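Descriptive structure summary
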There are 2 protein chains.
Amino acid sequence: MGLTAENHGKIKRVAIVGGTHGNEWTGVYLIKKFERSPELLRRSNFETFTLLANPRAWEINRRYVDRDLNRCFRREDLEHPNSDIYEIQRSQWIASQWGPQSPSPVDTIIDLHSSTAHMGLTLIWVKNNAFNRQVTAYLKSIFPEINIYSWIESESEPANPSLKSLSNYGFSIEVGPIAPGMLDAALFLKAEKVIYAILDYIEKYNRGEIIHSDRTLTIYQFIKQIDYPRTATGELAAMIHPQLQGRDYQQLNPGDPMFLQFDGTTIYYQGETPVWPIFINEAAYYEKAIAMIFTEPQTLIINN
Amino acid sequence: MGLTAENHGKIKRVAIVGGTHGNEWTGVYLIKKFERSPELLRRSNFETFTLLANPRAWEINRRYVDRDLNRCFRREDLEHPNSDIYEIQRSQWIASQWGPQSPSPVDTIIDLHSSTAHMGLTLIWVKNNAFNRQVTAYLKSIFPEINIYSWIESESEPANPSLKSLSNYGFSIEVGPIAPGMLDAALFLKAEKVIYAILDYIEKYNRGEIIHSDRTLTIYQFIKQIDYPRTATGELAAMIHPQLQGRDYQQLNPGDPMFLQFDGTTIYYQGETPVWPIFINEAAYYEKAIAMIFTEPQTLIINN
C-alpha cells in the first residue's frame, strides 16, 4: 500500500521558492507569475506560499551578494548571532518564517534552479524519505524524462546546507542547459508543469487517494565532486573534453576522454569503474572547484 | 584580380583581443594561450599583438565594471578629458597604443566574443572594405559554416563605438551558444582555428599571393534592434517563443511566433516582409533592451 495522508499525516503548508540564486531567472519569473496569479497554485486542502529568496542578488543579476545562499542553512549559520553576511541574514529570516522552529513551519519546500549543464529536468533530493520517493515516482510517471539526483553525501551528515533542507519533504527542481540571466521558454514551461503536477499530487495525497503499486525508480547517487585540472597557481589548465560536454547522466568509462588541455592534450578518466557525471560544466561551479559531479545509478523499489 | 599587398599596401601590425567583455572566457583563454605560446601567432611578414582588453572585468567575471567597453570607442569617449569610468579610461589607453593617432597604429583588430545566442561561428563587420570582404571570402572557403553579420547601421555614421573600429580592417569573431563565465572546448577550438587561418591569409596577402577569382558572399545586414514586450514599468512581459529560440540566421515570416507571454499567449511577427533574426536571447542584451537583431541577407560579389 502506498504512503498516504491516512497513515502519515497531511501536508498542510507548501513553499515554492525561486531566486535562491539571483541570476537563475527561470525560478524568479515563475515566482513572479505565481504572485501575479495566485489562483494557479490554489488547491483545496493545503496552503501554498511563494518566495523570491535572494532579492538583492536578483536586483544585481548575480548568483549571490556575499555567499551562496544555498549553502547557508547549516546550523552554525542559522544560529550565528550577528552575521554581517547578507545571505546568512536571509537564511535566518527564511528559517524564522518556515523552519522547524518557526511558529508556522512548512512541510515541503520546492526550490527552483537552473544550470548551464545539460541537466534536462532534474529533481534533487536531499532527503530520501517515503514522501519524496512517492512524489518522485508520480512525477516520473507523468514526465518520463525527469532525472533524479540524490545529493545525500552521507547518512551521517544530516545537516545539508541547502534551503530545501529546512523542510522534511523538500527538493529542488533543476533545469538546463540555460545561461544565467536569461529565460528559455521551453524550460520555463516544463518547470511550471512539474510544479502543478506536484501540487496535484499533494492534493490527492492529502485525500488519501494515492495508491501506488510497487514500482522501481532509478536515482543517481552522489559519489564525489571532480575539479578541473589546474596549474600550480590554481588557474584552469583544461576544459571539459568535447566528447564529454553535454553528456550528463551518461556512462563515463575508464579510458574515456574527460578534459582537454589548452595545448590539445586529452586527459582520460582513470577510475576503475564507470561513473555517471552530472553538472558537467556548470558555470557557477568553476569557483567552487567543481568541473562535474560523479554519480552512480541506483534502483529503488518504491512500495511504502 | 584580387586585392593584394601589391596594390593596397601591406598589413604590418595585427592585434588579437579577448576579454573586451570580462565574462566571455573563450577570448580570454585564447589570449592566455597565445601569451604562453607566442610562436603560435608568429608569421614571417607582420607582427601580431595580443591584449586582454578589460582585465578588471575579467577579475570579477563580469561583462564590464562601469560600462560596456565595446561601446566606449566613440570620439566623445576617446576625447573625454578626465573620465572616471573605468572602461573609458581603458578605451583611451587602448587607442593610445593602437589607434590611428597613436605612434604605432595597428592595421587589423580581431576581437573575440561569445554569445548565449546560437550564433555559431560569426564574423562581425563594422566596415565593408575590400580587405574585410576578401579575408571573409577566404575564411568562408575554409569554414563554410561561418556567418557574416554586417553591423553597419548607416554609411553616414562612421563612428562605430566598438573596439575593433580603431583599425581599418577590424572585425569580431562571435561564437555561441555559450554561457558567460565558462568554456566550451568545441567553440574554443573553432575560434582558435579561425584565428590561425586569418594569420595565414594575411601572410599570403602581404606576399601578393592572394588571387581571388570572382565569387559571391552572403552577408546578413543589420536592419534594427527589437526589444522584448515589456510592462508599463519596464519589466519583461514575454520570453522568446520556443519556436524562435535558437533559430538565429533563419527566416522569420510575417505571422510566425516571436514571443510567448507569461500567460501563455503568443505574439506573432507583424512585419510585412521576412527578416532573419540574430542574437536571439543574448543574455547580456536584456539590459540593452534587445531581444534580437533583425537582419536581411545580401549577396556581395567579391572581385576587388
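Residues numbered from 1 in each chain as written. Chains lettered and ligands numbered in written order. Predicted model: local features only at pLDDT ≥ 70, side-chain atom pairs only at ≥ 80, totals over all residues. Heavy atoms only, no water.

Going by an unreviewed UniProt entry, chain A carries the name Probable aspartoacylase and comes from Limnospira maxima CS-328. Word for word, the UniProt comment on chain A under Sequence similarities (unreviewed entry) is "Belongs to the AspA/AstE family. Aspartoacylase subfamily." In UniProt, chain A has this text filed under Catalytic activity (unreviewed entry): "an N-acyl-L-aspartate + H2O = a carboxylate + L-aspartate". (UniProt positions renumbered as here; feature names shortened; annotations may be inferred.)

**Looking at the layout of surface pockets**
Residue and element names in this part refer to chain B. There is about 1,200 Å³ of room inside the largest pocket. What lines the largest pocket is a set of 42 residues, among which Asn23, Ile60, Asn61, Arg62 and Pro180 lie closest to the centre. Contributions of two or more residues to the lining of the largest pocket are made by helix 2 (25-36) and helix 3 (55-59). The element contributing the most residues to the lining of the largest pocket is helix 2, with three residues. Partitioned by chemical class, the residues of the lining of the largest pocket number 21 nonpolar, nine polar and twelve charged. (1 Å grid on protein atoms, 1.4 Å probe; cavity = no way out; pocket = protein on both sides within 12 Å on 5 of 7 lines; lining within 4 Å. Points joined across faces, edges and corners; volume = space filled by probe spheres on them. Helix = DSSP H or I, 4+ residues; strand = E, 2+ residues; numbered from the N terminus. Nonpolar A, V, L, I, M, F, W, Y, C, P; charged D, E, K, R; others polar.)

**Digging into the sheet that holds strand 3 (residues 108-114) of chain B**
In a beta sheet, neighbouring strands pair by backbone hydrogen bonds and run either parallel or antiparallel. Residues and elements named next belong to chain B. A sheet is described by the order of its strands in space; here nine strands give the open sequence 2-1-3-6-4-5-7-12-11, paired in mixed fashion. Whereas interior strands pair on both sides, the edge strands pair on one side only; in this sheet they are strand 2 (47-52) and strand 11 (276-278). This sheet shows a mean twist of 30° between the axes of neighbouring strands, independent of strand direction. In this fold helix 5 (residues 86-98) packs onto strand 1 (13-18) and strand 2, with an angle of close to 170° to the strand it touches most, strand 2. This element, helix 6 (residues 130-142), spans strand 3, strand 4 (120-125), strand 5 (147-150), strand 6 (171-176), strand 7 (215-226) and strand 12 (292-302) of the sheet and lies at about 110° to strand 7. (Pairing = 2+ DSSP bridges. Axes fitted to C-alpha atoms, helices over the stretch in contact; angles between N-to-C directions. Contact = heavy atoms within 4.5 Å.)

**So, empty space enclosed by the protein**
Residues and elements named next belong to chain A. Per the counting criterion, the structure on display carries two cavities of 30 Å³ or more. As for the largest cavity, its lining consists of Asn23, Glu24, Arg63, Ser114, Ser115, Thr116, Ile178, Ala179, Pro180, Glu282 and Ala284. Among the residues forming the lining of the largest cavity, the class breakdown is four nonpolar, four polar and three charged. Empty space within the second largest cavity amounts to approximately 30 Å³. If you trace the second largest cavity, you find it lined by Thr26, Gly27, Leu30, Leu112, His113, Ile173, Val175 and Ala191. Of all the elements in the fold, those that place two or more residues in the lining of the second largest cavity are helix 2 (25-36), strand 3 (108-114) and strand 6 (171-176). If you tally residues by element for the lining of the second largest cavity, the top one is helix 2, at three residues. Of the residues in the lining of the second largest cavity, the class split is five nonpolar, three polar and no charged.

**Quick word on the nonpolar core**
Generally speaking, a soluble globular protein has its nonpolar side chains buried in company with each other. If you look at the biggest cluster of nonpolar residues, it comprises 144 residues, and the most contacted ones within it are Ile173 and Met292 of chain A together with Ile173 and Met292 of chain B. If near-sequence neighbours (up to four positions away) are discounted, Ile173 of chain B is found in contact with Ile110, Asp111, Leu112, His113, Leu121, Thr122, Leu123, Val194, Ile195 and Ile198 of chain B. (Core = buried A, V, L, I, M, F, W, Y, C linked by side-chain atoms within 4.5 Å. Buried < 20%, exposed > 50% of the residue type's maximum accessible area, 1.4 Å probe, protein only.)

**Observations regarding the UniProt feature "active site" (unreviewed entry) in chain A**
All names here are of chain A. Here the UniProt feature "active site" (unreviewed entry) sits at Glu174. With respect to the helices and strands, the residue Glu174 is situated in strand 6. Judged by relative accessible area, which is 5%, Glu174 ranks as buried. Beyond its immediate sequence surroundings of up to four residues, Glu174 is in contact with His113, Ser114, Ser115, Met119, Gly120, Leu121, Thr122, Ile124 and Phe279. A distance of 3.4 Å separates the side chain of Glu174 from the backbone nitrogen of Ser115, its partner in a polar contact. (Polar contact = N/O pair within 3.5 Å; in protein donor to acceptor, adjacent residues only side chain to side chain.)

**Regarding the relation of the copies chain B and chain A**
The operation relating chain B to chain A is a screw motion whose rotation component is 180°, with 0.0 Å of axial translation and a residual RMSD of 0.0 Å. Both copies are brought into coincidence by an operation consistent with a two-fold rotation axis. Every residue of chain B has its C-alpha some distance from the rotation axis, and the shortest such distance is that of Ala179 of chain B, at 2.4 Å. A share of 100% of the interface residues of chain B reappears at the interface of chain A, consistent with the copies meeting face to face through the same patch. (Least-squares fit on C-alpha atoms with pLDDT ≥ 70 in both.)

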